[in-house]
Amino acid sequence: MSVSVQQEDFDAGAEIAALSAGRREVGAVASFVGLVRDVSHGAHVGAMTLEHYPGMTERSLEEIVDQARARWTLYAVRVIHRFGRLEPGEQIVFVGVAGAHRGESFAACEFIMDYLKTQAPFWKLEETPDGARWVDARESDDSAAARWEQ
Amino acid sequence: MSVSVQQEDFDAGAEIAALSAGRREVGAVASFVGLVRDVSHGAHVGAMTLEHYPGMTERSLEEIVDQARARWTLYAVRVIHRFGRLEPGEQIVFVGVAGAHRGESFAACEFIMDYLKTQAPFWKLEETPDGARWVDARESDDSAAARWEQ
Amino acid sequence: MTVKILYFASLKEALGCAGEDFVLPSGVSTIGELRTFLAGRGEPWNALGEGRNIRAARNQRMAAPADPVLPGDEIAFFPPVTGG
Amino acid sequence: MTVKILYFASLKEALGCAGEDFVLPSGVSTIGELRTFLAGRGEPWNALGEGRNIRAARNQRMAAPADPVLPGDEIAFFPPVTGG
């Protein structure tokens, strides 16, 4: 079970420990936690709601993990993405990768985040003082994902 | 206290949580855990002993963190490096970086690891079936650090 | 000869519609043709019009305008994703 | 006119010596000159010889061969680091 899409919070420390537990060939665990910020494009954000496309979400994350495993030798990979209403400071996403050496673990972790940002069907609705607004996709996310295709 | 050199183990999850605690401008925490592998250059490793240069060690890590903070806007940075005798599966090093967005957090985390690998005065003595041997520095570590100078 | 169509996020809001069962008219055999047909319904369906940045999925996989639409498919339209 | 010299890891082992208080002889005013002087002591001190991959620190900062050695300094010699 390398991918989870869930409403509940997660324990990043427990996930990191699980990635190397019982695997003494693991030398490098790279991980990422994304959190809700209280500012976005200059506006105060009171909370956000993550909508997703049930059914496609897990499948798309699994395909991204498969692509990472095809590019690098990885011993374990874990992706968790939450949906629903989240407040500033709350965790949104966890990506953790266990490999032999740091280069491939870092690369795979960043690759998964970059693809997730452009391929996984999640959408953020922010609550601001001017009302709710859908977050616009950033061009920098497209270019971050595109660099892996070179 | 962003840098610690210690014999005791650390709690990666607690460190990650501390990096964003009370900082609602943090959107991205990238982290790395290095572990003792049970193989090294084809030989079984029963344990390793990390020697270091007390006094210089913490200073060199602090200087590496300062360099990362000068290159990127970072809200919090944490580096922990253990010394003494460690067995396969045990944690050696933690690097965690909290920033606004993932690009800078990933870059700074990898930068710190690359510089640590070539600048921080630690040396590994491995216990193998053929006796103890000092680990040789890897050229790939020099080139990993050099790419940040371009 | 029907497909299931789903709409998400700001597009769902603009259309006031989360999805529909849709009978494929003749001449609609690709994602692009389906989108053009739907946009042609007039307000508020021009939210699917050519100038709008809308992505599509076919059977829960990202799809291109030239990809086919076949009876029984699940087709989804949505704005660029913003998770992570 | 003395400096403190420290040796680490495989170099410490090869020399059988973790460190020494050292009176600077005339003609020794840089890290490189100090290293050459020590290597000239003969076995096992050729572990500090020119062909060996040895790094140096002065007052707990990485140092180059041309860097000065001044009375009161703490100078360290060691192999390339392998932590992390």
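Now for a quick tour of the structure. Because the structure is predicted, anything quoted here is derived from the model rather than measured.

What follows concerns the overall build of chain A. The number of helices and strands found in chain A is four helices and ten strands. When the helices and strands of chain A are listed from N to C terminus, the series reads β-α-β-β-β-β-α-β-β-β-α-β-β-α. Looking at chain A as a whole, 60% of its 150 residues qualify as buried. When contacts within chain A are restricted to residue pairs at least 6 apart in sequence, those whose partners lie at least 24 apart make up 76%. Split by element, the accessible area of chain A, about 6000 Å² in all, is 45% carbon and sulfur. Side-chain charges of chain A comprise 15 positive and 24 negative groups, with the mean position of each set lying 5 Å from the other.

With that settled, the discussion passes to the relation of the copies chain B and chain A. Its rotation angle being 180°, the transformation that places chain B on chain A also includes 0.0 Å of axial translation and leaves an RMSD of 0.0 Å. Both chain copies can therefore be described as sitting about a two-fold axis. Scanning chain B for the C-alpha nearest the rotation axis identifies Gly-13 of chain B, at a separation of 1.7 Å. Same-surface contact between copies: 100% of interface residues of chain B are shared with the interface of chain A.

With that out of the way, let us pick up the interface of chain D and chain B. Contacts between chain D and chain B engage 21 residues on the former and 27 residues on the latter. Both faces combined, the contact of chain D with chain B buries some 1900 Å², and carbon together with sulfur accounts for 55% of it. At the surface where chain D touches chain B, the tally comes to two salt bridges. Secondary structure elements with two or more residues in the side of chain D that touches chain B: α1 (9-15), β3 (55-58), β4 (61-63) and β5 (74-78) of chain D. Counting residues per element, the side of chain D that touches chain B draws most heavily on α1 of chain D, which supplies four residues. Of the residues assigned to the side of chain D that touches chain B, the class counts are ten nonpolar, six polar and five charged.

With that settled, the discussion passes to helix α4 (residues 139-146) of chain A. Along α4 of chain A, the residues classified as buried are Asp-141, Ala-144 and Ala-145 of chain A. What you see down the axis of α4 of chain A is that its buried residues fit within an arc of 95°, all on one side.

Before going further, it helps to examine unusual backbone geometry. A negative phi angle is the norm for most residues apart from glycine, just as the trans form is the norm for most peptide bonds. Residue and element names in this part refer to chain C. Look at the link from Glu-43 to Pro-44: it is a cis peptide, with omega at -5°. By the element assignment, Pro-44 lies in the loop between α2 (31-39) and β3 (55-58). Positive phi, normally seen in glycine, also occurs at Asn-59, with a value near 50°. With respect to the helices, strands and loops of the structure, Asn-59 is situated in the loop between β3 and β4 (61-63).

Packed helix pairs are characterised by how far apart their axes lie and by the angle those axes make with each other. Residues and elements named next belong to chain A. Two elements in contact, helix α3 (residues 102-119) and α4, have axes whose closest approach is 8 Å; the angle formed by their N-to-C orientations is 130°. On the basis of the axis angle, α3 is oblique to α4. Judged by the twist between their axes, the crossing of α3 over α4 is left-handed. Across the interface between the two elements, Asp-114, Tyr-115, Lys-117 and Thr-118 of α3 pack against Asp-141, Asp-142, Ala-144 and Ala-145 of α4. Across the contact of α3 with α4, the residue classes break down as three nonpolar, one polar and four charged.

Moving on: the state of the cysteines. With the rule as written, the count across this model stands at zero disulfides over all chains. Cys-109 of chain B supplies the cysteine sulfur nearest to Cys-109 of chain A, a cysteine that is in no disulfide, at a spacing of 9.0 Å.

Counting residues at the interface gives 32 residues for chain B and 32 residues for chain A. Between chain B and chain A, roughly 2900 Å² of surface is buried when both sides are summed, and carbon and sulfur atoms account for 54% of that area. Looking only at chain B, the three residues that lose the most surface to chain A are Arg-37, Arg-102 and Phe-106 of chain B, adding up to 27% of its buried area. Linking chain B to chain A there are four salt bridges. Here Asp-141 of chain A makes a salt bridge to Arg-102 of chain B, at a shortest N to O gap of 3.0 Å. Summed over the shared surface of chain B and chain A, the number is 13 residue pairs in polar contact (both at pLDDT 80 or more). Contributions of two or more residues to the side of chain B that touches chain A are made by α1 (12-20), β2 (28-35), α3 (102-119) and α4 (139-146) of chain B. The dominant element in the side of chain B that touches chain A, judged by the number of residues it contributes, is β2 of chain B, at eight residues. Inspection of the sheet shows strand β2 (residues 28-35) of chain A paired to β2 of chain B by seven bridges, in the antiparallel sense.

What the rule picks out here adds up to 26 aromatic pairs over all chains. Aromatic side chains Tyr-53 of chain A and Phe-8 of chain C sit 4.5 Å apart centroid to centroid with 35° between the ring planes, which places their arrangement in the tilted category. Here Tyr-53 of chain A, found in the loop between β5 (47-52) and α2 (56-71), pairs with Phe-8 of chain C, found in the loop between β1 (2-7) and α1 (9-15), and the two come from separate chains. Like Phe-8 of chain C, Tyr-53 of chain A is buried. Seen from their ring centres, Trp-123 of chain B and Phe-8 of chain D are 5.2 Å apart, and the 10° between their planes marks the pair as stacked. A residue pair is termed interchain when its members come from two chains, as with Trp-123 of chain B in strand β9 (residues 122-128) and Phe-8 of chain D in the loop between β1 (2-7) and α1. According to the relative accessible area criterion, Trp-123 of chain B is buried, its value standing at 1%. In textbook terms, an aromatic cluster arises when at least three aromatic residues are bridged by ring pairs, as seen for Tyr-53 and Trp-123 of chain A together with Phe-8 and Phe-78 of chain C. Above the face of the Trp-45 of chain C ring, Arg-41 of chain C is positioned so that its terminal group lies 4.4 Å from the ring centre.

Scoring rules and cut-offs
What you see as residue numbers is a count from 1 along each chain, following the sequence as written. For this description, chains carry letters from A and ligands carry numbers from 1, given in the order in which they are written. Totals for whole chains, interfaces and linings use all residues, but because this is a predicted model, local features are given only for residues with pLDDT of at least 70 and pairs of side-chain atoms are given and counted only at 80 or more. To get the side-chain values, all heavy atoms of the structure are used, and hydrogens and water are removed first. Numbering of helices and strands runs from the N terminus; a helix is a DSSP stretch of H or I covering at least four residues, while a strand is a stretch of E covering at least two. Think of it in three bands: with a 1.4 Å probe and only protein chains considered, a residue is buried below 20% of the maximum accessible area for its type, exposed above 50%, and partly exposed in between. Contact definition: two residues touch when any of their heavy atoms are within 4.5 Å. What sets the accessible areas is the Shrake-Rupley method with a 1.4 Å probe; for residues, cover comes only from the shown protein chains. The charge count includes Lys and Arg as positive and Asp and Glu as negative, but it does not include His or the ends of the chains. Lys charges are placed at NZ, Arg charges at CZ, Asp charges at CG and Glu charges at CD. The least-squares superposition of copies is restricted to C-alpha atoms, and to residues with a pLDDT of at least 70 in both copies. When two parts are put together, the accessible area they lose, computed with a 1.4 Å probe and summed over both, is reported as buried area. By salt bridge we mean one thing: a side-chain nitrogen of Lys or Arg within 4 Å of a carboxyl oxygen of Asp or Glu. By the convention adopted, Pro, Cys, Tyr, Trp, Phe, Met, Ile, Leu, Val and Ala count as nonpolar, Lys, Arg, Asp and Glu as charged, and the other residues, Gly among them, as polar. By arc we mean the arc of the directions from the helix axis to the C-beta atoms, nothing more. Note on definitions: angles span 0 to 180 degrees between N-to-C directions of axes, and those axes are lines fitted to C-alpha atoms, for helices only across the stretch in contact. We call two directions roughly parallel when the angle between them is under 35 degrees, roughly antiparallel when it is over 145, roughly perpendicular when it lies between 65 and 115, and oblique otherwise. The crossing is said to be left-handed when, going from far helix to near helix, the turn is anticlockwise and less than a right angle, and right-handed when the turn is clockwise. A pair of cysteine sulfur atoms is labelled a disulfide when the two atoms are within 2.5 Å. For this analysis, a polar contact is any N or O atom pair within 3.5 Å, provided that within protein one partner can donate a hydrogen and the other can accept it, and provided that sequence-adjacent residues contribute only side-chain to side-chain pairs. The rule for pairing is simple: two strands pair if DSSP sees at least two bridges between them. A pair of aromatic rings is counted whenever rings of Phe, Tyr or Trp (Trp by its six-membered ring) have centres within 6.5 Å, and the orientation is called stacked for planes under 30 degrees apart, edge-to-face for over 60 and tilted otherwise. Charges are assigned to positions over rings by a cutoff of 6 Å between ring centre and Lys NZ or Arg CZ, combined with an angular limit of 35 degrees from the ring normal.

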